[in-house]
Amino acid sequence: MSTDSIEYSASQAFAAPLPGHTLPRVFGSPGRYVQGAGVIAQAGHYLSRLGFGHSAVLLSRRCLEAEGNDLISSAENAGLSLEKCIFAGECSFEEIDRHAATLRALDSPVDSVIAVGGGKVVDAGRALSRRLDVPVAVIPSLASNDAPCAAVSVIYTPEGVTADAEIYDENPALVLVDTGIIAEAEPRFLVAGMGDALATWYEARACACNPGGVTVFGGRPTLAGTSLAQLCAETIYRYGEQALAAVKKSEVTDALENVVEANTLLSGLGYESGGLAVCHAVAQGYTVIDHVHRNYLHGEMVAMGVLAQLALENSSEEAEKAARFFAATGLPVHLGQLDMDSGNDEQLDAVVDAAMAFPFIGNMPLEVTSTKLKQAILTADRLGLEIAPG
């Protein structure tokens, strides 16, 4: 638990039902979303218009020497003063509280936080902004997950195992996505983002079909959230392979713009206001296997969760469609591609136990037991081996 001893639950604020009434529908989104090649050079313009004046900038040392330098130059040219905070690598309570303490000790308090980098930097920046009670702007350097637009931070232990999640009353004030930076990144990151994004539709669909299903805001899914989740999947299936080809050439194309928007905006809004289910439960389960957590990306684990959920639903045609897309783009489709063995019951049982503890696994419109979930993982594994043997 954070040493700040703060409880964050937007569901308490936005989804409390009135006596005799059903849960309300809740939709959340960032204040502004800006995407395009080269937009980081205009970051100072956007930030100053939103009232940012004295900002804490959270970023890694690598980022400080790359896109972070462009952000800092633009912000300072626009008249912003900045406090640079170097992210140590893990979005843990210890890391968040360390930066919060440093910033609180300043003679002149910051009025905003800017988080620049990958998913864990984004989550830590969001958590930091809430502890300081100031708005946050998110500038992702990758399109590897749907964290940027969210009002949620996933918290890990210092060793990297999923530990908690915080849900806030507000989404970021600004999400700024420079597709020129995305196009220069390793293709694996864009592909992982597609795995994460495809889960959005399958989980939102499950939540919508369950009258008792709830989103991360604690309310019922909205039509908007569910529709955005569906559009997200349609976009990934249609443009995913073209976008991957563009990134391999470091080119910004319409297909890449479409997929980056799907990975970031459509998936972010779709999962928050549409709902989570087994896909992310299984992904959380894989994080307890140390070598999997250390060597594989969140979206790669989520892709395996997608196949497990579709197997659990007996959606064989959709499972084959997803598996073939995953195989074509380089996402894992069987346990061997996570360096796991289907015959290792100890590992599988650990994954299942962690998945069953996921708070939104109850959003499935069918009964989920440990036995059924383990069987679904093994069924998905067999499908993956048929499609991508070896």
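Residues numbered from 1 in each chain as written. Predicted model: local features only at pLDDT ≥ 70, side-chain atom pairs only at ≥ 80, totals over all residues. Heavy atoms only, no water.

## Points about the overall build of the protein chain
Of the regular secondary structure elements, the protein chain holds 16 helices and 8 strands. In terms of overall size, the protein chain behaves like a compact globule, its C-alpha atoms giving a radius of gyration of 20 Å where 390 residues would be expected to give roughly 21 Å. Taken along its principal axes, the extent of the C-alpha atoms in the protein chain is 60 × 55 × 40 Å. For the protein chain, the residues scored as buried account for 58% of the 390 residues in total. Within the protein chain, contacts between residues at least 6 apart in sequence are counted, and of these 78% link residues at least 24 apart. Looking at the protein chain as shown, the accessible area adds up to about 15,500 Å², and 49% of this sits on carbon and sulfur atoms. The positive charge centre, built from 24 side chains, and the negative charge centre, built from 48, are 3 Å apart in the protein chain. (Helix = DSSP H or I, 4+ residues; strand = E, 2+ residues; numbered from the N terminus. Rg over C-alpha atoms; globule rule 2.2 N^0.38 Å. Buried < 20%, exposed > 50% of the residue type's maximum accessible area, 1.4 Å probe, protein only. Contact = heavy atoms within 4.5 Å. Areas by Shrake-Rupley, 256 points an atom, 1.4 Å probe, with all protein chains shown as cover. Lys, Arg positive; Asp, Glu negative; His and termini not counted. Charge placed at Lys NZ, Arg CZ, Asp CG, Glu CD.)

## Topic: the pairing of strand β7 (residues 162-167)
Relative to β7, strand β6 (residues 152-156) runs antiparallel, the two sharing 5 bridges. Residue pairing for β7: V154 is matched across the bridge by A165. The turn linking β6 back onto β7 is made up of 5 residues, and G160 within it adopts a positive phi angle of 100°. (Pairing = 2+ DSSP bridges.)

## Overview of the side chain of H54
For H54, the position within the fold is in strand β2 (residues 54-59). Residue classification places H54 among the buried residues on the basis of a relative accessible area of 11%. Only 3.4 Å separates the side chain of H54 from the backbone oxygen of S108, close enough to count as a polar contact. A polar contact of 3.2 Å, which involves the side chain of H54, links it to the backbone oxygen of P109. Residue contacts for H54: discarding those within four places in its chain leaves S81, E83, S108, P109, V110, D111 and S112. (Polar contact = N/O pair within 3.5 Å; in protein donor to acceptor, adjacent residues only side chain to side chain.)

## Regarding the packing of aromatic side chains
Summed over all chains, the structure comprises 3 aromatic pairs. Ring geometry for Y237 versus F325: centroids 5.4 Å apart, planes at 75°, classification edge-to-face. Here F325 lies in helix α14 (residues 316-329) and Y237 lies in helix α9 (residues 223-248), a separation of 88 residues in the sequence. A ring pair is formed by F358 and F360, whose centres lie 5.9 Å apart and whose planes are at 70°; its orientation type is edge-to-face. By relative accessible area, which is 14% here, F360 ends up buried. Here the aromatic cluster, defined as three or more aromatic residues joined through ring pairs, consists of Y237, F325 and F326. Geometry around Y156 places K120 over its ring, the cationic atom sitting 4.2 Å from the centre. The residue whose ring lies beneath K321 is Y237, and the NZ or CZ to ring-centre distance is 4.2 Å. (Phe/Tyr/Trp six-rings, centres within 6.5 Å; stacked < 30°, edge-to-face > 60°. Lys NZ or Arg CZ within 6 Å of the ring centre and 35° of its normal.)

## Considerations on the UniProt feature "binding site: glycerol" (unreviewed entry) in the protein chain
Under the feature "binding site: glycerol" (unreviewed entry), the UniProt entry names D146, D196, H280 and H298. The named residues occupy 153 residues along the chain; their greatest pairwise C-alpha distance, 12.2 Å, places them in one compact cluster. Relative to the elements of secondary structure, D196 occurs in helix α8 (residues 187-209). Once residues within four sequence positions are removed from consideration, D196 is found in contact with N145, D146, S267, H280, H298, G299 and V302. Position of H298 relative to the elements: it lies in helix α13 (residues 298-312). Judged by relative accessible area, which is 32%, H298 ranks as partly exposed. Once residues within four sequence positions are removed from consideration, H298 is found in contact with N145, D196 and H280. (UniProt positions renumbered as here; feature names shortened; annotations may be inferred.)

## Notes on the packing of α13 against α14
Look at α13 against α14: their axes get within 9 Å of each other, and the N-to-C directions meet at 165°. Classified by the angle between their axes, α13 and α14 sit roughly antiparallel to one another. Where α13 crosses over α14, the two elements pack in a sense that is left-handed. In this structure, α13 contributes A303, V306, L307 and L310 to the contact, and α14 contributes E318, A319, A322, A323 and F326. Taken together, the residues of the contact of α13 with α14 break down into 8 nonpolar, no polar and 1 charged. (Axes fitted to C-alpha atoms, helices over the stretch in contact; angles between N-to-C directions. Parallel < 35°, antiparallel > 145°, perpendicular 65-115°, else oblique. Left-handed = near helix turned anticlockwise from the far one by under 90°. Nonpolar A, V, L, I, M, F, W, Y, C, P; charged D, E, K, R; others polar.)

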